[in-house]
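# Coordinate analysis (summary)
Listed below, chain by chain, are the residues.
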Amino acid sequence: MAVQLVRVTRVERGSLGYELGLKPGTELLSVDGRELTDFLDWEFLTAEDRFVLLARDPTGEQTVEYDVERPEGLALGVELEPPHVRRCANRCDFCFVDGNPLGMRDALYIRDDDYRLSFRHGNFATLTNLKQADEDRIKEYHLSPLYVSVHATDPVVRRRLLRNPLAPDILTQLRDFGNHDIRCHTQIVLQPGLNDGDVLRQSLNDLYGLGPTVISVSVVPVGLTEFSKHHLVREPTAHECRESVQLLDGFADRALQERGSHWAYGSDELYIVARLALPPAARYDGFEQFENGVGAVRFLRQKVELLNAELEGMRIGVYTGTAMGRLMPQILPAVESATGAFCELTVLENDLFGPLVTTAGLLPGSAFVSALRDRADLDLALVPAEAVNDEGLFIDGMTLKQLMATAPLEVRISNDFVDALSDRGAIG
């Protein structure tokens, strides 16, 4: 397999990299004689006060050695090409990639399972594709915390869930990392009939027994699209989700008494399917798995309390998916109270993946175009930020700029209302 080159894409003006003369296209070869293979090497090896950098200029014709002294507080200011994503070695029945319709962007069919992105972005990884060099690197660079998809601690059940007969024992892996002070947030995607009930109880027991190595565990009901393998997997019933919540509550009570935090959490979707009220904000401690859909509503309520905006009389359209649509009535009155605006909620059904997919993050741009087409009566529309990626693309390839150009009103993306509304004053 070809070695990935580590190339510069952007250099911030006034940064150390700018002073060194690094430019877009520069290939970064080594630091203190150690070959650079990706962004992790670059960040960790250049953290020293002084180092020797070997680089090749953008033409590829000249190699330059830099004896670098890094003044305190001066950033390197260098952005790199994205790394080649580590591919997943599993074939889970519930894999969302397999639930994609045909004809979408190639990137949406890549099964990623990358420990580097687990550390950097909080992506969940199964750790089934780690080589010894990867494990050594995790320990050397102390990549903590990691976010780990456990699903089940019983090796036989886990291999069945992952459809990977070579999947290593996850408890052995976590225990080894724990011995090197590597901590983990974990998740269990609940697949009824396989890893719920007694298997879930065993998994929670095993993870709790690893002590401080496992910072938290979340349980998320499996989500399927119209294109998923429905003949192999189904979504849990309300009764099954309620049983899982009861198990989590028992472990949470024990952890709070013994460790000072609740440790075990159910996603908001688990409570929705179970038809149970969401726990209070205190139940989620520091909202450490908020981006995994754990405590999202309570987190938003707390953020809204920080709103600072005078939007008296404005009409704001709030657009989201069916999952959050069921919960928005618990949040929007607080937004209206804090701003003086009137919020109109519009719940969009996913016309790309089908109505089974309820998360706002997978709504296509076309759904927002249709919903906003005749809404000149509104002053502002808020679109969930998770519906677009870092490049401003919706799941169907539409760009945010295209949506804004077609809408007859101002459109803003928002994570938590505060980012889109605070200190904005009147919308013009």
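Higher on the page you've got the structure.
Now for a look at the structure at hand. (Residues numbered from 1 in each chain as written. Predicted model: local features only at pLDDT ≥ 70, side-chain atom pairs only at ≥ 80, totals over all residues. Heavy atoms only, no water.)

### Topic: the packing of aromatic side chains
- For the coordinates displayed, the defined rule picks out ten aromatic pairs.
- When the ring of Phe-44 is compared with that of Tyr-141, the centres are 4.5 Å apart and the planes differ by 5°; the resulting orientation is stacked. In this pair, Phe-44 is assigned in helix 2 (residues 39-45) and Tyr-141 in the loop between helix 4 (132-140) and strand 7 (146-149), connecting sequence segments 97 residues apart.
- Between the aromatic rings of Phe-287 and Phe-299, the centroid separation amounts to 5.5 Å while the plane-to-plane angle is 70°, which identifies the pairing as edge-to-face. With Phe-287 in the loop between helix 9 (268-274) and helix 10 (296-304) and Phe-299 in helix 10, this pair connects stretches of sequence that are twelve residues apart.
- Residue classification places Phe-287 among the buried positions, given a relative accessible area of 10%.
- These aromatic residues form a ring-pair network of at least three members: Tyr-284, Phe-287, Phe-290 and Phe-299.
- Of note, Arg-259 hangs over the ring of Tyr-208, and the distance from its end group to the ring centre comes to 3.5 Å. (Phe/Tyr/Trp six-rings, centres within 6.5 Å; stacked < 30°, edge-to-face > 60°. Helix = DSSP H or I, 4+ residues; strand = E, 2+ residues; numbered from the N terminus. Buried < 20%, exposed > 50% of the residue type's maximum accessible area, 1.4 Å probe, protein only. Lys NZ or Arg CZ within 6 Å of the ring centre and 35° of its normal.)

### Examining the nonpolar core
- Membership of the largest hydrophobic core comes to 86 residues, with the highest contact counts inside it found for Leu-28, Leu-207, Trp-263, Phe-417 and Leu-421.
- At six residues, the largest contribution of residues to this core is made by helix 8 (residues 238-259).
- Counting residues in hydrophobic clusters, the runner-up holds 20 residues, among them Phe-368, Ala-381, Val-388 and Phe-394. (Core = buried A, V, L, I, M, F, W, Y, C linked by side-chain atoms within 4.5 Å.)

### Here we look at the pairing of strand 7
- By the alternation rule, side chains of strand 7 split into Leu-146 and Val-148 and Tyr-147 and Ser-149, which are all buried.
- Looking at chain direction, strand 7 and strand 8 (residues 184-190) are connected through four bridges and run parallel. From the neighbouring strand, Tyr-147 faces strand 8, where its bridge partner is His-185. (Pairing = 2+ DSSP bridges.)

### Points about the pairing of strand 14 (residues 410-414)
- In this structure, strand 13 (residues 380-384) lies alongside strand 14, joined through five bridges in parallel fashion. Its bridge partner lying in strand 14, Val-383 is registered against Ile-413.
- On the question of chirality, the crossover connecting strand 13 to the parallel strand 14 by way of helix 14 (residues 400-406) is right-handed. (Right-handed = clockwise from strand over helix to strand, strands pointing away.)

### Considering the sheet that holds strand 3 (residues 34-35)
- Spatial strand order, 3-2-4-5: four strands in an open sheet with antiparallel pairing. Single-partner strands in this sheet number two, and they are strand 3 and strand 5 (63-69).
- Alignment of strand 2 (residues 27-31) against strand 4 (residues 50-56), held across four bridges, turns out to be antiparallel. Within the sheet, the bridge partner assigned to Leu-28 lies in strand 4 and is Ala-55.

### A closer look at a negative patch on the surface
- Taken together, the side chains of Asp-32, Glu-48, Asp-49 and Glu-72 present a region of like negative charge at the surface.
- Here Asp-49 shows up in the loop between helix 2 and strand 4. (Patch = residues over 30% accessible without salt bridge, like charges linked within 9 Å, V, L, I, M, F, W, Y side chains within 5 Å. Areas by Shrake-Rupley, 256 points an atom, 1.4 Å probe, with all protein chains shown as cover. Salt bridge = Lys/Arg side-chain N within 4 Å of Asp/Glu carboxyl O. Lys, Arg positive; Asp, Glu negative; His and termini not counted. Charge placed at Lys NZ, Arg CZ, Asp CG, Glu CD.)

### What about the state of the cysteines?
- Going through the model one piece at a time under the given rule, you end up with zero disulfides.
- This cysteine, Cys-88, is not joined by any disulfide, and Cys-92 carries the nearest cysteine sulfur, 6.0 Å off.
- Relative accessible area serves as the criterion here: at 23%, Cys-88 is assigned to the partly exposed category.
- On the basis of relative accessibility, which here comes to 9%, the residue Cys-92 falls in the buried class. (Disulfide = S-S within 2.5 Å.)

### Describing the side chain of Asn-195
- Considering the arrangement of structural elements, one finds Asn-195 in the loop between strand 8 and helix 7 (197-208).
- Look at Asn-195 and you get buried, because its relative accessible area is 0%.
- Within the structure, Asn-195 has its side chain in polar contact with the backbone oxygen of His-151 (distance 3.0 Å).
- Here the side chain of Asn-195 touches Gln-191 through a polar contact of 2.6 Å, landing on its backbone nitrogen.
- In this view, Asn-195 contacts His-151, Ala-152, Leu-161, Ile-188, Val-189, Leu-190 and Leu-200; residues no more than four positions away in its chain are not counted. (Polar contact = N/O pair within 3.5 Å; in protein donor to acceptor, adjacent residues only side chain to side chain. Contact = heavy atoms within 4.5 Å.)

### Concerning the sheet that holds strand 11 (residues 315-321)
- Spatially, the four strands line up as an open sheet ordered 12-11-13-14, and their pairing is parallel. Both outer strands of the open sheet, strand 12 (342-348) and strand 14, are each paired with one neighbouring strand and no more. Adjacent strand axes in the sheet meet at a mean angle of 25°, parallel and antiparallel pairs treated alike.
- Sheet strands in contact with helix 12 (residues 332-339) are strand 11 and strand 12, and its direction is about 150° off that of strand 12. (Axes fitted to C-alpha atoms, helices over the stretch in contact; angles between N-to-C directions.)

### Points about unusual backbone geometry
- Look at the link from Ser-144 to Pro-145: it is a cis peptide, with omega at 0°.
- Topologically, Pro-145 is positioned in the loop between helix 4 and strand 7.
- Its identity is not glycine, yet Arg-163 carries a phi of approximately 55°, on the positive side.
- Along the polypeptide, Arg-163 turns up in the loop between helix 5 (155-162) and helix 6 (170-179).
- The residue Phe-417 is not glycine, and still its phi comes out positive at about 75°.
- If you trace the backbone, Phe-417 turns up in the loop between strand 14 and helix 15 (418-421).

Take it as geometry only, folks, not as evidence of what the structure does.
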